[in-house]
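Single-letter residue listing:
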Amino acid sequence: MGTSKTKPDPERTARKIIMDCADCDCCRPIMDESCLFFPELYRLYDKEAETGQKPSSGELRQLVDKCNFCALCPCPNIRADIIRAKTQFAERGGLKFGVRAVEDVARIGKICGALPGLANRVLGSKLAGGVIKQTLGIHPDRKMPSFPEESFTVWVRCQGLHVKQNPAAGRKAAYFAGCTARYIFPEVARATVEVLRHNGVQVYCPEQKCCGMPSFLEGDRSLTLEFADHNLRLLADAVGEGFDILCSCPTCSFMLRHLLAEGAYYSEEYQETAGGDPKFIKVPAKPVEGKPEERKFESFDKTIFNKIMRDEGYFSGLDPLKRVALAEKTLDVGEYLLNLHRSGELKNDFAPIKRQAVYFPPCHQREQEFGQPYLELLGLLPGLKFDSIQGNLYCCGLAGVMGFKQDFHEASIQLGSRLKRKIEELNPETLLTDCLSCRLQFNQELQCQVKHPIELLAESYRQGQASASPGEA
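Per chain, the residues get numbers from 1 upward, laid out in the order the sequence is written. In view of the model being predicted, local features appear only for residues whose pLDDT reaches at least 70, and side-chain atom pairs are presented and counted only at 80 or more, with totals across whole chains, interfaces and linings using the full set of residues. Water and hydrogen atoms play no part in the side-chain values, which are based on all heavy atoms of the structure.

So what's going on with the state of the cysteines? Which residues, and what values?
Cysteine sulfur atoms that pair up within 2.5 Å are treated as a disulfide. Scanning the entire structure with this criterion turns up zero disulfides. Here C158 is not cross-linked by a disulfide; its sulfur's nearest cysteine counterpart is in C205, at 13 Å. Not engaged in a disulfide, the cysteine C205 finds its nearest cysteine sulfur in C247; these two sulfurs lie 12 Å apart. Under the scheme applied here, a residue whose accessible area is under 20% of the maximum for its type counts as buried, over 50% as exposed, and between as partly exposed, the area being computed with a 1.4 Å probe on protein chains only. When its relative accessible area of 4% is taken as the criterion, C205 is described as buried.

As structure tokens, then:
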């Protein structure tokens, strides 16, 4: 008799997470106020230790749903198991209508952006907006974003940026703007294009889909892979033509350069290109600072590491060579501009920006370990005075579409309360952050102006050009 394939067991996966974390226990003291997941994990574990009562299936589902994948906890394997459990729960029990409706942010943006005036009136109406929130499972106290008269996608077509202009150009970038910038805050995406073009970068804005993080976080594997496959093919082709891939959203760059690439270096296809050795797995070492072209490899004995260093992750079904190529050419816009500055190629015709600001580096930017480039870039603006909020204990709490949910809204506000208090203590005129999900949360909770740092760079350049050419201005 043939053996049947074992069905995924989300409860077993979730229990494995609890036991692995309890055995380590290092997150008990450090993830208290900035995380909803670990306090609940240890509550369930302590309850079982004291009473012998194992967590129910419902409790395990609620546990993994509390993770917002901020990626600040120290164990990537635990985060992977959490997503695995979420996905298994979703595949077995399905997703609610409201979740399926809101996880595709681009679809919402296209629908509401077609008639933005009407959409804003309906969503802002206490009666009609309340019915929509109730239908979609959105908390009644959650502020809905307003949709602009012109989306970034429409602006791109008007500017002709959806077409590659000059393939032979020297410095060129394919800009992956992300859904929130394309449909809710297009001023951020336009400012990004403005700053890049001011510095002589040819900008191409391909027909992108969502990076996939919202559906990934909800356990919707099929939709996530659909988005990832589209973007991978499109962006890897651009990489092959000499384009850098730039993101102004740290969540998008985290997805493109880290999550998509997990395990790809261990694939047979990559090992062959790296000069595969039957005895060793070769993995690129971190590049030497200032000499990224000098690639060195670290070797790992296959007899020891072959069982764990495998391309078997979430995105392993996608072309590993394209995943590697995309990861290695994806940069945060701030990181890219700082590289230009340090090589003496960034234009310095900045006009004064007299403002008191506070900069908050978001979770997914901190996780990528490329530093905080906007601190140095903002320091180039004459007249700007700013503080920065440091430390991994601060999170805005929104977690993208999760913060809109009926059952997560209050927890979202609680999670961000520590950061809110810190910002209120600093009392800035302008709050700066490169995460537009954070911006939605700040617009919910704070009264001060919120901007992306790239908007201040664009404003300074713009004023500098106006003062240099008063006749044209």
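From this point, the narrative continues.
Report on the packing of helix α10 (residues 152-159) against helix α12 (residues 186-198), specifying residues and quantitative values.
Every axis corresponds to a line fitted to the C-alpha atoms, with the helix fit spanning only the stretch in contact, and the corresponding angles, defined between N-to-C directions, vary from 0 to 180 degrees. Under the DSSP-based scheme used, a helix requires at least four consecutive residues in state H or I and a strand at least two consecutive residues in state E, with every element numbered from the N terminus. Close contact between α10 and α12 brings their axes to 9 Å; oriented N to C, the two are set at 35°. Residues F152, W155 and Q159 of α10 lie in contact with α12, whose contacting residues are P186, A189, R190, V193 and R197. When residues are sorted by character, Ala, Val, Leu, Ile, Met, Phe, Trp, Tyr, Cys and Pro go into the nonpolar class, Asp, Glu, Lys and Arg into the charged class, and all the rest, Gly among them, into the polar class. Among the residues forming the contact of α10 with α12, the class breakdown is five nonpolar, one polar and two charged. Here, two residues are considered to be in contact whenever any of their heavy atoms come within 4.5 Å of each other.

Let's hear about the sheet that holds strand β10 (residues 449-451): which residues, and what values?
Two strands make a pair as long as DSSP finds a minimum of two bridges between them. Pairing within the open sheet is parallel, and its four strands lie in the order β8-β7-β9-β10. Edge positions in the sheet fall to β8 (384-388) and β10, since each has one partner strand and no second. Neighbour to neighbour, the strand axes of the sheet diverge by 30° on average, direction disregarded. Note that strand β7 (residues 355-359) and strand β9 (residues 430-432) share three bridges and pair parallel. Within β9, the residue paired with V358 across the bridge is L431.

Tell me about helix α24 (residues 453-468), residues and numbers included.
In an α-helix, one full turn covers 3.6 residues, which means residues spaced three or four apart are oriented alike. For α24, with 16 residues, the first-to-last C-alpha span of 23 Å sits near the 22 Å given by 1.5 Å per residue. Of the positions making up α24, those classed as buried are P453, I454, E455, L456, L457, A458, E459, S460, Y461 and G464. An expected span of 1.5 Å times one less than the residue number is assigned to each helix.

I'd like to hear about unusual backbone geometry, residue by residue, with values.
At A399, a position not held by glycine, the phi torsion is positive, near 60°. By the secondary structure assignment, A399 is in the loop between β8 and α22 (409-426). Among the residues examined, A399 registers a relative accessible area of 18% and is labelled buried. The phi torsion at N427 lies on the positive side, around 50°, for a residue other than glycine. Within the secondary structure layout, N427 lies in the loop between α22 and β9. Taking the relative accessible area as the measure of exposure, N427 reaches 60% and is therefore exposed.

An account of the packing of aromatic side chains is requested, with residue identities and associated values reported.
Within a pair of aromatic rings, the relevant descriptors are the distance that separates the centres and the angle that separates the planes. We call Phe, Tyr and Trp rings a pair once their centres come within 6.5 Å, taking the six-membered ring for Trp, and we label the pair stacked below 30 degrees between planes, edge-to-face above 60, and tilted otherwise. Per the counting criterion, the structure on display carries 15 aromatic pairs. An aromatic cluster of at least three residues, connected via ring pairs, comprises F69, F216, F254, Y314 and F315. Here the basic side chain of R79 rests over the ring of F69, its NZ or CZ set 6.0 Å away from the ring centre. Just above the ring of Y314 sits the side chain of R221; from NZ or CZ to the centre is 4.8 Å. Whether a charge sits over a ring depends on NZ of Lys or CZ of Arg being within 6 Å of the ring centre and within 35 degrees of the ring normal.

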